[in-house]
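Letter by letter, the chains look like this.
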Amino acid sequence: MKMYNITEVGEKFGLSKSAIRYYNDIGLISDLKRDQNGTRIFDASNINMIQSIECLKKTGMPVKDIKKYVALIQAGDSTLETRLDVFKKREKIVLKQIQELQETLSEIKWKCDYYQIAIDDGTEKIIKAKVESDGV
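Residues numbered from 1 in each chain as written. Predicted model: local features only at pLDDT ≥ 70, side-chain atom pairs only at ≥ 80, totals over all residues. Heavy atoms only, no water.

Caption draft 1: Local environment of the sheet that holds strand S1 (residues 4-5). With antiparallel pairing, three strands are arranged side by side in an open sheet as S1-S3-S2. Two strands lie at the open edges of the sheet, namely S1 and strand S2 (33-34), each paired on one side alone. In this structure, S2 lies alongside strand S3 (residues 40-42), joined through two bridges in antiparallel fashion. Across the sheet, residue Arg 34 finds its bridge partner in S3, namely Arg 40. (Pairing = 2+ DSSP bridges. Helix = DSSP H or I, 4+ residues; strand = E, 2+ residues; numbered from the N terminus.)

Here you go:
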């Protein structure tokens, strides 16, 4: 079984060593082993947990709620439905974020086109007049 040190884990997830230690210290990474020197070593299970933590963080989930999710995992199979619900809720949140980002991207693209036309025309007056007459 492949084992990873804290530097490798940090590089894999773009996390600082202190962030990984913090996750461990607050109980987000369970069953973390240490080598004969006391250095943290990570197995596939630990890596999968960090991946889930990072996924949930990217959805905007607070650490206190991630801790609740980890507690559900530790509670075993009786919490499978609850864990599924956690991810279904996060899915809805992410889909909403994607929609909002698509709308933002559309506005950015529109502004890029607008300014490119203004640059090509050598003035903003022509495109601005057209936009205003079209009611955009």
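After that view of the structure, there is still more to cover.
Caption draft 2: The arrangement of the packing of aromatic side chains in detail. By the definition in use, this model includes three aromatic pairs. Here the aromatic rings of Tyr 69 and Phe 87 are separated by 5.4 Å at their centres, their planes lie at 75 degrees, and the arrangement is edge-to-face. Here Tyr 69 is found in helix H4 (residues 63-75), whereas its partner Phe 87 is found in helix H5 (residues 80-121), with 18 residues between them in sequence. The class of Tyr 69 is buried, set by a relative accessible area of 10%. The cationic tip of Lys 2 hangs over the ring face of Tyr 4; the distance from NZ or CZ to the ring centre is 4.7 Å. Over the face of the ring belonging to Tyr 114 we find Lys 111, whose NZ or CZ atom lies 5.6 Å from the ring centre. (Phe/Tyr/Trp six-rings, centres within 6.5 Å; stacked < 30°, edge-to-face > 60°. Buried < 20%, exposed > 50% of the residue type's maximum accessible area, 1.4 Å probe, protein only. Lys NZ or Arg CZ within 6 Å of the ring centre and 35° of its normal.)

Caption draft 3: Spatial organisation of the packing of H5 against helix H6 (residues 125-134). One way to put it is that H5 packs onto H6 with a least axis distance of 8 Å and a crossing angle of 135 degrees. The angle between H5 and H6 falls in the class oblique. Contacts from Trp 110, Tyr 114, Ile 117, Ala 118 and Asp 121 of H5 reach H6 at Ile 126, Ile 127, Lys 128 and Val 131. A breakdown of the residues in the contact of H5 with H6 according to their chemical character gives seven nonpolar, no polar and two charged. (Axes fitted to C-alpha atoms, helices over the stretch in contact; angles between N-to-C directions. Parallel < 35°, antiparallel > 145°, perpendicular 65-115°, else oblique. Contact = heavy atoms within 4.5 Å. Nonpolar A, V, L, I, M, F, W, Y, C, P; charged D, E, K, R; others polar.)

Caption draft 4: Inspection of the nonpolar core at higher detail. In terms of nonpolar packing, the biggest core is built from 20 residues, with Val 9, Ile 20, Ile 29, Phe 42, Ile 50, Ile 53 and Ile 66 touching the most fellow members. Sorting the residues of this core by element identifies helix H1 (6-13), helix H2 (17-25), helix H3 (44-58) and H4 as the ones contributing at least two each. Looking at this core, the element that brings in the most residues is H3, giving five residues. Contacts of Phe 42, omitting those with residues within four sequence positions, involve Lys 2, Met 3, Tyr 4, Asn 5, Ile 6, Val 9, Ile 20, Ile 29, Leu 32, Ile 47 and Ile 50. (Core = buried A, V, L, I, M, F, W, Y, C linked by side-chain atoms within 4.5 Å.)

Caption draft 5: Summary view of the pattern of salt bridges. Under the counting rule described, the total for this entry stands at six salt bridges. A salt bridge links Lys 64 to Asp 65; the nearest nitrogen and oxygen atoms lie 3.5 Å apart. Take Lys 64: its relative accessible area is 54%, and that puts it in the exposed class. Taking the shortest distance from any N to any O, the salt bridge between Asp 134 and Lys 130 comes out at 2.9 Å. Residue Asp 134 and its partner Lys 130 are located together in helix H6, separated by four residues, close to a single helical turn. Classification of Asp 134 as partly exposed rests on a relative accessible area of 47%. When salt bridges that share partners are traced, they join Lys 64, Asp 65 and Lys 68 into one network. (Salt bridge = Lys/Arg side-chain N within 4 Å of Asp/Glu carboxyl O.)

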